[in-house]
Amino acid sequence: MENAALSLARGWIADARQIFVLTGAGISAESGVPTFRDALTGLWARFDPEELATEEAYRRQPALVWQWYQHRRELVSAAQPNPAHYALAALARQKSITLVTQNIDGLHQHAGSEHVVELHGNLFANKWLDGCGRCDTVPPIPGDPPHCALCGAMMRPGVVWFGEDLPRVARFRADHAAETCDLCLVVGTSGLVYPAAALPGVAKEIGARVIVVNTQPSALDETADLVLSAPAGECLPMLWQQEGA
Ligand code: BV8
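All chains use their own residue numbering, which begins from 1 and follows the written sequence. The predicted origin of the model limits local features to residues at a pLDDT of at least 70 and limits the giving and counting of side-chain atom pairs to 80 or more, whereas totals for whole chains, interfaces and linings rest on all residues. By convention in this description, side-chain values take in all heavy atoms of the structure and omit both hydrogens and water.

1. Observations concerning the environment of Asn122
Assignment of secondary structure puts Asn122 in strand β4 (residues 121-129). In contact with Asn122, not counting residues within four places along its chain, are Ile104, Gly106, Gln109, Gly158 and Val159. In terms of polar contacts, Asn122 uses its side chain to reach the side chain of Glu118, at 2.8 Å. At 2.8 Å, the side chain of Asn122 forms a polar contact with the backbone nitrogen of Phe124. The way it works is that DSSP assigns letters per residue, a run of H or I at least four long becomes a helix, a run of E at least two long becomes a strand, and they are numbered from the N terminus. Should any heavy atoms of two residues lie within 4.5 Å, those residues are counted as being in contact. As used in this structure description, the phrase polar contact means that two N or O atoms lie within 3.5 Å; if the pair is within protein, one of them must be able to donate a hydrogen and the other to accept it, and residues adjacent in sequence are counted only when both atoms belong to side chains.

2. Some words on the domain arrangement of the chain
A domain assignment, automatic or from a database, supplies the domain bounds used here. Split into domains, the chain comes out as domain 1 (1-32 + 81-120 + 166-245) and domain 2 (34-78 + 124-159). Inter-centroid distance (C-alpha atoms) of domain 1 to domain 2 is 28 Å. Residue-level contacts link ten residues of domain 1 with eight residues of domain 2. The term buried area denotes the loss of accessible surface (1.4 Å probe radius) that occurs when two parts are joined, taken as the sum for both partners. The junction of domain 1 with domain 2 conceals about 650 Å² of combined surface from both sides, 64% of it contributed by carbon and sulfur atoms. Looking only at domain 1, the three residues that lose the most surface to domain 2 are Ala25, Ile104 and Asp105, adding up to 49% of its buried area. Should a side-chain nitrogen of Lys or Arg be within 4 Å of a carboxyl oxygen of Asp or Glu, the pair is scored as a salt bridge. Applying the counting criterion to the domain 1 and domain 2 interface returns zero salt bridges. Taken together, domain 1 and domain 2 are joined by zero residue pairs in polar contact (both at pLDDT 80 or more).

3. Describing the pairing of strand β7 (residues 209-214)
Only protein chains enter the accessibility calculation, which uses a 1.4 Å probe; a residue is then buried when its area is under 20% of its type maximum, exposed when over 50%, and partly exposed in between. For β7, the tally of buried residues reaches five of six residues, placing the bulk of the element in the interior. Here the rule is simple: two strands pair whenever DSSP picks up at least two bridges between them. Bridging between strand β6 (residues 183-187) and β7 involves five bridges; their strand directions are parallel. Within the sheet, the bridge partner assigned to Cys184 lies in β7 and is Val210. Relative to strand β8 (residues 226-229), β7 runs parallel, the two being bridged by four bridges. Bridging from a neighbouring strand, Val213 pairs with Leu228 of β8.

4. A closer look at the nonpolar core
One broad trend across soluble globular proteins is that nonpolar side chains are buried collectively. Counting residues in hydrophobic clusters, the biggest one holds 30 residues, and the most contacted among them are Leu88, Ile211, Val213, Leu228, Leu236, Leu239 and Trp240. Those elements that provide at least two residues to this core are α1 (3-15), β1 (19-23), α5 (83-91), β2 (97-101), β6, β7, β8 and α9 (232-235). Ignoring sequence-local partners within four residues, the contact set of Trp240 consists of Ile13, Ala87, Leu88, Ala90, Leu91, Gln94 and Leu185. By size, the runner-up hydrophobic cluster in this structure holds 24 residues, among which are Cys148, Ala153, Met154 and Trp161. The criterion is simple. A nonpolar core is a set of buried Ala, Val, Leu, Ile, Met, Phe, Trp, Tyr and Cys residues joined through side-chain atoms within 4.5 Å.

5. A look at the confidence of the model for the chain
Each residue gets a pLDDT score, which is the predictor's confidence in that residue and runs from 0 to 100. Looking at the chain, the pLDDT average stands at 95 and 95% of residues meet or exceed 70. When pLDDT is averaged over each helix and strand of the chain, the minimum, 86, is found for helix α2 (residues 49-52) and the maximum, 99, for β1.

6. Considering the pairing of β6
The buried fraction of β6 is high, at five of five residues. Sheet analysis places β1 next to β6, joined by five bridges and oriented parallel. Within β6, the position partnered with Leu22 by the bridge is Val186.

The following block contains the structure:
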C-alpha cells in the first residue's frame, strides 16, 4: 500500500476530534475467525448463513441452528485478538473514539477496548424464545437447545438475527457516533448488512471524512474519501502511535 495514502490517513486521524469506528467480520479474520459469509466452511457449507441466522430458521430447526452457534462459540473461544484489535484499543487511549462493531465475537473487549457498541449482540450471551420471564431463576434443562424448566421455552443465542431490530441503546449510541464524528474509520466490513452499513453514509453527510480499510473492494468504497486496501492487522498499527512501540 503506497505511503501517500498512509500519510494522508495518519494526518486525518491525528487531526480528528471525534472518531467513529465501525468494524465488521474482516477485523477478526486474522484472528482465525471466519468472516460471516465463510463461517459456513465444511459441515456448514451447504447452508446460507442468512437462512440460519433468523428466528424462523430457529423455530423450524432449533437443534441445527443451536449447534451452528455452539460450533461458532468453539471457533471464537480458541481465537485471540490480533494487532488490529489491539491498535484500536491503543487509539482509544490517545483520541476520543466510539467503537461500534457488527461482530459478535467479543475480541475488541479481549484486546482492552471499553464501551464497545455491539450492534448485533454477543455470541456468548443467551436469552429465551417466548420465555416466561422467570426462566433464569432455575437451572435450564440441558439439551440442544436447553429449555426452561418452568415453562419449556427454548434458550436462544443473544445475537440479532436478520429481520430483528438492533438493540435500542446500541442503535442510539451508533447513530449518535455517526452524527457527531469528524472522522469515520470503517474496518473489515462488506457493507452489505443494514442498518449498520448506512452509518458511514450518515457520517459523510454531516461532513466527516471516511476511511475504509479492507482487503477487497466493498459496498462502502464509494462513500470513502480514502480506501486502504490492506489487511487490518497490518494496516491499523501503521496509522497511529502504538504504546511502547
Ligand atoms: C433489521 C448476528 C428491521 C447473527 C448479523 C435496509 C434497512 C434495514 C434493514 C434491511 C435493509 N435492507 C435489508 C435489510 C434486512 C437485513 C439486511 O441488511 N440484509 C442484508 C443481507 C441485505 N438487516 C436486518 O435484518 C437487520 N435488522 O433491519 O431489522 C427491523 C426494523 C424494525 C423492526 C424490526 C425489524 C439485522 C441485521 C443483523 C443480522 N445479524 N449477525 C450472526 O452472526 O449469526 S449480521 C452478520 O452479517 C454479521 O454480524 C456480520 O456483521 C454481517 C456481515 O457483515 P460483515 O461484518 O461485513 O462480514 P462479511 O463477511 O460480509 O465481510 C467481511 C469483510 O471483511 C469483507 O469485505 C472482506 O473483504 C473483509 N476482510 C476479510 N479479511 C480482512 C478484511 N478486511 C480487512 N482485513 C482483513 N484481514
